[in-house]
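Descriptive analysis of the structure
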Amino acid sequence: MRVEGIDNVRRILCVFPRYTSSFGTFEYAYPLTAGVQAFMPPQGLLLIAAYIPAHWPVRFIDENIRPATAEDFQWAEAVFVSGMHIQRQQMNDICRRAHAFGLTAAIGGPSVSACPDYYPSFDYLHVGELGDATNELIARIGRDPSRPERQVTLKTADRLDMTKFPIPAYELADIGHYFLGSIQYSSGCPYQCEFCDIPGLYGRNPRLKTPQQITAELDKLLECGITGSVYFVDDNFIGNRKAALELLPHLIEWQKKTGYVLRFSCEATLNIAKRPEILAAMREAFFATIFCGIETPDPAALKAMRKDHNMMVPIMEAIQTLNGFGMEVVSGIILGLDTDKPESGQHLLEFIDASQIPLLTINLLQALPGTPLWDRLKRENRLIEDEGRDSNVDFRMPYEDVVTTWRACMGSAYQPAKLLARYEFQIQHTYQNRIEPPPSRERSSWRNIRLGLTMLRNIFWKVGILGDYRLEFWKFALRRLARGEIEYLISSILVAHHLIMFARDASRGHTNASYYSLRLQQASVPAE
Ligand code: SF4
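Residues numbered from 1 in each chain as written. Predicted model: local features only at pLDDT ≥ 70, side-chain atom pairs only at ≥ 80, totals over all residues. Heavy atoms only, no water.

**Some details on the sheet that holds strand E11 (residues 262–267)**
- Taken in spatial order, the six strands of this open sheet run E7-E10-E11-E12-E13-E14, and their pairing is parallel. Each edge of the open sheet carries a strand with a single partner, namely strand E7 (181–183) and strand E14 (360–364). Taken pair by pair, the neighbouring strands of this sheet meet at an average axis angle of 20°, ignoring direction.
- Contacts from helix H8 (residues 241–258) reach strand E10 (228–232), E11 and strand E12 (287–295), with the element oriented near 160° to E11.
- Contacts from helix H14 (residues 399–413) reach strand E13 (328–335) and E14 within the one sheet, and its direction differs from that of E14 by about 165°. (Pairing = 2+ DSSP bridges. Helix = DSSP H or I, 4+ residues; strand = E, 2+ residues; numbered from the N terminus. Axes fitted to C-alpha atoms, helices over the stretch in contact; angles between N-to-C directions. Contact = heavy atoms within 4.5 Å.)

Here it is, written out as structure tokens:
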């Protein structure tokens, strides 16, 4: 549904800010692709764009693809912005540019909802999810689009039922220029890990769309030109297991109908390993990757951060179970925990060797406002406000030791030979457990073939000829070519190349050690 009952017409410019260069945005992979320029279509802002009254003209600009121009600002009557903490500086910069054109600037999304104080210059703060605050914001701008005298904060008290969410306005985005497609089935998570702001922001009782909404969204994503993979951005895909089981048969049917042209991935807690019926259905629906916040291999640390659910099945056994259903595990890891010891870095590297997980997002602990961790560290007087640091946590270990450990782990884990050996393992022990999708016209379309050939050409030229890890690359690539594993060659090298290049920057100290760090880095300069 859309908001209704507003007669005036307003032109709205929705601007999504640039990401600070980070491990999880894969920008080193883009030059190897056929025109990818950004990570994932932003669900929140595209949802708002779809909710705005149908007769209001809307422009959507993702500044990861192109900056909003003077012409865009001159066209608009108000600017809507959304984003995460890591985009804070860029969001404030968009506000400054909007004001330079005399425009009203409104901000919503996860960052402002958790930390309204971060955004003192915006005219409207939209705190919380889509709901009565959104209606009020649209009504106010409908009545008068000029800037209010002082900042107005609108808080959602009554959230819109997710079954009434419109399909995000994917048609406004250059969907073909994204690395991954994105889709959301549920919001919220029943657990309460100490460091996580999800339960506080979105609740512990997951709210849901209907399976029919999801298949309609997938249809629209396809129409808009998505290829490759679609990521379920749900905080925890099995936050409501019954709902996951209800959705999966619809996804399987959709895959059959559309010729398995897409693969799926999602985030879920590691205790999904205890639910073979869910995993079997995910395999049938062609889920290829699953992100699990393993955080640490240390059971004492898991207990301390209230993530005991990671220990319901021994971690290594759980990973093997997921691999057995054809799903590659991607793991979140945190360094700088209170339980860390001088040997924690070495233990992490041993865990990586044993698990054979290729991709691990290794971050320093960061205390997010609104989390139990924040409250505890505040009580213990261990929060540090210093934008020159990679974390706002006063670690138990010396700060320099923790950052040095992070750099050393990044440098070691992503050495080309080690990383490609882990991909070799996945190809032989995980990917072979996936379903073999039946040949379909959609999968072997000329467009897909052309995309594949373009990526192969880029990979051979930029990595195989110009790259400085040519030897390791060709050892890996020749085995794939000999076995006809072209798809695996492309998918592995796209990700591996990013990890290798990013980890090099990291081990030289050129990147942030935390996804949430506020440290200003070169890539976070404004898009202008
Ligand atoms: S399981 Fe994941 S989403 Fe849920 S509270 Fe823990 S970290 Fe957050």
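**Considerations on the packing of helix H16 (residues 446–465) against helix H17 (residues 470–482)**
- With their axes 9 Å apart at the nearest point, H16 and H17 run at an angle of 145° to one another. Here Ile 459, Phe 460, Val 463, Gly 464 and Ile 465 of H16 come into contact with H17, specifically with Arg 470, Phe 473, Trp 474 and Leu 481.

**Section: the layout of surface pockets**
- By volume, the second largest pocket is sized at about 200 Å³.
- Residue lining of the second largest pocket: 15 residues in total, with Thr 296, Asp 298, Asp 340, Ser 344 and His 347 positioned closest to the centre.
- Listed by contribution, the elements that provide at least two residues to the lining of the second largest pocket are E13 and helix H12 (344–355).
- Taken together, the residues of the lining of the second largest pocket break down into six nonpolar, four polar and five charged. (1 Å grid on protein atoms, 1.4 Å probe; cavity = no way out; pocket = protein on both sides within 12 Å on 5 of 7 lines; lining within 4 Å. Points joined across faces, edges and corners; volume = space filled by probe spheres on them. Nonpolar A, V, L, I, M, F, W, Y, C, P; charged D, E, K, R; others polar.)

**Focus: the site of the ligand**
- As a structural note, the neighbourhood of the ligand is formed by Cys 189, Tyr 191, Cys 193, Phe 195, Cys 196, Pro 199, Asp 235, Thr 269, Lys 307 and His 309.
- Class assignment for the residues of the shell around the ligand results in six nonpolar, two polar and two charged. (Near = heavy atom within 4 Å.)

**Structural notes on the pairing of E10**
- Most of E10 sits inside the fold, with four of its five residues counted as buried.
- Pairing of E10 with E11, which is carried by five bridges, proceeds in the parallel orientation. If you follow Tyr 231 over to E11, its bridge partner there is Ser 265. (Buried < 20%, exposed > 50% of the residue type's maximum accessible area, 1.4 Å probe, protein only.)

**Brief notes about the sheet that holds strand E3 (residues 78–82)**
- Within the open sheet, the six strands sit side by side as E2-E1-E3-E4-E5-E6. Their pairing is parallel. Of all the strands in the sheet, the pair left with one neighbour each is strand E2 (58–62) and strand E6 (152–155). The mean angle between the axes of side-by-side strands here comes to 20°, regardless of whether they run parallel or antiparallel.

**Some details on the environment of Glu 284**
- Turning to its location among the elements, Glu 284 is positioned in helix H9 (residues 276–284).
- Along the chain, Glu 284 and Arg 434 lie 150 residues apart, while their C-alpha atoms are 8.3 Å from each other.
- Beyond its immediate stretch of four places on either side in the chain, Glu 284 contacts Ile 252, Tyr 260 and Ile 435.

**A look at the pairing of strand E4 (residues 104–108)**
- The element E4 is extensively covered by neighbouring structure, given that five of its five residues are classed as buried.
- Taking every second residue as pointing to the same face, both faces of E4 are buried, with Thr 104, Ala 106 and Gly 108 on one and Ala 105 and Ile 107 on the other.
- For the segment spanning E3, helix H3 (residues 88–100) and E4, crossover handedness is right-handed.
- In this structure, E4 lies alongside strand E5 (residues 124–127), joined through two bridges in parallel fashion. Each residue of the ladder has a partner; that of Ala 106, found in E5, is Tyr 124. (Right-handed = clockwise from strand over helix to strand, strands pointing away.)

**Brief notes about the packing of aromatic side chains**
- If you walk through the whole model with that rule in mind, you get 21 aromatic pairs.
- Judged by centre distance (5.3 Å) and plane angle (50°), the ring pair of Phe 237 and Phe 287 falls under tilted. Of this pair, Phe 237 sits in the loop between E10 and H8 while Phe 287 sits in strand E12; the two residues are 50 residues apart in sequence, bridging distant segments of the chain. Each member of the pair Phe 237 and Phe 287 is classed as buried.
- On the numbers, 4.9 Å between centres and 55° between planes, the contact of Tyr 431 with Tyr 488 is tilted. (Phe/Tyr/Trp six-rings, centres within 6.5 Å; stacked < 30°, edge-to-face > 60°.)

**Points about the pattern of salt bridges**
- The tally for this structure, following the rule as stated, stands at 34 salt bridges.
- Taking the shortest distance from any N to any O, the salt bridge between Arg 59 and Asp 72 comes out at 2.6 Å. Of this pair, Arg 59 sits in strand E2 while Asp 72 sits in helix H2 (residues 70–75), placing them 13 residues apart in sequence.
- Assessed through its relative accessible area of 2%, Asp 72 is described here as buried.
- Its salt-bridge partner being Arg 66, residue Asp 72 comes within 2.9 Å of it at the nearest N-O pair. (Salt bridge = Lys/Arg side-chain N within 4 Å of Asp/Glu carboxyl O.)

**Observations concerning the confidence of the model for the chain**
- Confidence along the chain averages 93 in pLDDT terms, with 96% of residues attaining 70 or more.
- With pLDDT under 50 throughout, residues 518–528 is counted as low confidence; its partners more than four residues away or in other chains account for 30 contacts. (pLDDT = per-residue confidence, 0-100.)

**So, the side chain of Glu 424**
- For Glu 424, the position within the fold is in helix H15 (residues 416–429).
- Given a relative accessible area of 9%, Glu 424 falls into the buried group.
- Within the structure, the side chain of Glu 424 is placed 2.9 Å from the side chain of Arg 479, a separation counted as a polar contact. (Polar contact = N/O pair within 3.5 Å; in protein donor to acceptor, adjacent residues only side chain to side chain.)

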